[in-house]
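# Reading the structure
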Amino acid sequence: MTFSVFDKKMMNLAIHEALISVSKNEVPIGSVLTKNNKVLSKGHNLSIEQNDPTAHAEIITIRNACDKINNYRLTGSTLYTTLEPCLMCFGAIINSRVERLVVGALDEENGAPISNGEFLNKLDLNHKIEIEVGLYRERCSGILKKFFQEKRSNKKLCPDRGMI
């Protein structure tokens, strides 16, 4: 699969967002949403900071884009994300009518559209999304692997959240 220079630039922005998550002790996932080769919004995981299990990078990015254009539909848009979206995020991507999804690394355990997509084939979804996978795969997965390796090696008791 060949990715454009613009695709690479946008995934680098998503990677930058993922690195912001690391600085906030959040799982390092970042995303960027574009339309007509312009950035509409970007985001990173904030579930811990916001005490919100829905505050995933993709959801935050979609919400911000919808607010910006004052529309709940994101037709003609592309979402770049460093990790394959979970079922919740993929549902939001479908419902917001994102046209194209560019994924860095696959999430074989929790990823919805590719890794565990067999159940999606059983659904008669009225919106189909063009999905492209593997842009900066090693870099995206490496950020996550390093984050979790450091978490495991630096386990400390956190007064409000137990073991981290």
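Throughout what follows, the structure given in this document is the object of discussion. Just so it is clear, the structure is predicted and the values come from calculations on it, not from any experiment.

### Describing helix α1 (residues 5-23)
The end-to-end C-alpha separation of α1 is 28 Å, in line with the 27 Å expected for 19 residues at 1.5 Å each. If you check which residues of α1 are buried, you get Asp7, Met10, Met11, Ala14, Ile15, Glu17, Ala18 and Ser21. All buried residues of α1 lie within an arc of 155° about the axis, which places them on one face of the element. Exposed positions of α1 whose direction lies more than 90 degrees from the buried face are Val5, Lys9 and Ser23. Buried positions along α1 lie against β1 (30-35), β2 (38-44), β3 (77-83), β4 (100-105) and α6 (137-153). In the stretch just after α1, Asn25 is the one whose phi turns positive, near 60°.

### Some details on the sheet that holds β3
To summarise the sheet geometry, strands pair through backbone hydrogen bonds and adopt either a parallel or an antiparallel arrangement. Pairing in this open sheet of 5 strands is mixed, and the strands run β2-β1-β3-β4-β5 from one edge to the other. Whereas interior strands pair on both sides, the edge strands pair on one side only; in this sheet they are β2 and β5 (130-133). Strand-to-strand twist in this sheet, taken as the mean axis angle between neighbours without regard to direction, amounts to 15°. Relative to β5, β4 runs parallel, the two sharing 4 bridges. Counted as the bridge partner of Val102 is Glu132 from β5. Across the face of the sheet, helix α3 (residues 57-69) comes into contact with β1, β2 and β3 while running at roughly 140° to β2.

The rules behind the values
Residues numbered from 1 in each chain as written. Predicted model: local features only at pLDDT ≥ 70, side-chain atom pairs only at ≥ 80, totals over all residues. Heavy atoms only, no water. Helix = DSSP H or I, 4+ residues; strand = E, 2+ residues; numbered from the N terminus. Expected span 1.5 Å × (residues − 1). Buried < 20%, exposed > 50% of the residue type's maximum accessible area, 1.4 Å probe, protein only. Arc of directions from axis to C-beta. Contact = heavy atoms within 4.5 Å. Pairing = 2+ DSSP bridges. Axes fitted to C-alpha atoms, helices over the stretch in contact; angles between N-to-C directions.

The values are spatial; any link to function lies outside them.
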